[in-house]
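# What the coordinates show
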Amino acid sequence: MVIDFHVHFSGGKYFHRTPSDPLNYLAEMDRNQIETSLLLPLDGFFADLEEDNERIIQVVQQYPERFAGLGTVSPRRTEEAVREMDRCITEPGMIGMKFHPWLQAFSPLESCFLDLAEEANARKTLFFFHDGTPPYTEPLQIAEIARRNPDLTVVMGHTGLNDLWRESLLAAQRYDNVWLCFCGCPHWGMREVTTKMGGERIVWGSDYPLANWRDTRERIQQIEHLPFSDSTKEKILYGNARQLLDRFHSSVRSKGEGQ
């Protein structure tokens, strides 16, 4: 089986103009033997972020065995951002927050985001970043967030894409709270990253529905064709992501039990 750690869920207002239907997602997941998908916001990067977060919350709670989710916030509205982050990460099935600094027009090193990351570090949650498209999503910028916040799990959602995968690898080698998602990373980059990381702290993602089910199948095959052991490829396609999901699902349960 496979866990897809990079799936967009859209209300159909911005960028991807077709509203996402969880039943269609489930059918296409089954077609590619995907057990679980991590749903990322999309409309919320432009507007209506609370609405977008709530849409994902509802889906992951309706299908808890098939979906997990991330919310998003506007980091320049610090007090509101912390409140919304807390609301999201305490909901069952929600494991952290997603940021797209390029679309959301902020630098990860702005004081407002550094303050938000410090709050997230205190909560030991997960931040998932779009990375690989300068000026605001360079991997070493994001790595600085990981350096300053060792209890924050930082996922680079594209492993630097075509041009910056080496910097993503360097970040993961420097900081053991950095994880890499193979989603848009070139095949030769995936080979070197897997070699240098020993298959650890790497997850896989399709970018669905921006990639259709056929693209998704081809991207799974890219991992299957890597020149590594079956156990290493299983870690990338399933085991490492399961580790993260179990860790943060347990964290959410613990918060709920303490309330």
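Structure: above.
Residues numbered from 1 in each chain as written. Predicted model: local features only at pLDDT ≥ 70, side-chain atom pairs only at ≥ 80, totals over all residues. Heavy atoms only, no water.

## Comments concerning the nonpolar core
In this structure, Leu39, Phe67, Phe99, Phe113, Leu116 and Phe127 are the most contacted members of the largest nonpolar core, which totals 57 residues. Residues Leu126, Phe128, Trp179 and Cys181 belong to the second largest nonpolar core, which totals 18 residues. (Core = buried A, V, L, I, M, F, W, Y, C linked by side-chain atoms within 4.5 Å. Buried < 20%, exposed > 50% of the residue type's maximum accessible area, 1.4 Å probe, protein only.)

## Quick notes on the pattern of salt bridges
Oppositely charged side chains can form a pair if their charged atoms are brought close together. Throughout the structure, instances matching the rule amount to 20 salt bridges. Between Asp48 and Lys13 there is a salt bridge; the shortest N-O distance is 3.5 Å. With Asp48 in the loop between β2 (34-40) and α2 (49-62) and Lys13 in the loop between β1 (2-8) and α1 (22-31), this pair connects stretches of sequence that are 35 residues apart. Overall, Asp48 belongs to the partly exposed group, its relative accessible area being 36%. Of the charged contacts in the structure, one is a salt bridge between Glu144 and Arg148, with a shortest N-O distance of 2.8 Å. One end of the pair, Glu144, and the other, Arg148, are both in helix α6 (residues 139-148), 4 residues apart, so they sit about a helical turn from each other. Linked by salt bridges that have partners in common, Lys13, Asp48, Glu51, Asp52 and Arg55 make up one network. (Salt bridge = Lys/Arg side-chain N within 4 Å of Asp/Glu carboxyl O. Helix = DSSP H or I, 4+ residues; strand = E, 2+ residues; numbered from the N terminus.)

## Re the sheet that holds strand β3 (residues 67-71)
The strand order across the open sheet formed by 8 strands is β1-β2-β3-β4-β5-β6-β7-β8, and the pairing between neighbours is parallel. Each of the sheet's edge strands pairs with one partner strand only, and the pair in question is β1 and β8 (202-204). The average angle at which neighbouring strand axes cross in this sheet is 30°, direction not considered. For β1 and β2, the ladder comprises 5 bridges, and the chain directions are parallel. (Pairing = 2+ DSSP bridges. Axes fitted to C-alpha atoms, helices over the stretch in contact; angles between N-to-C directions.)

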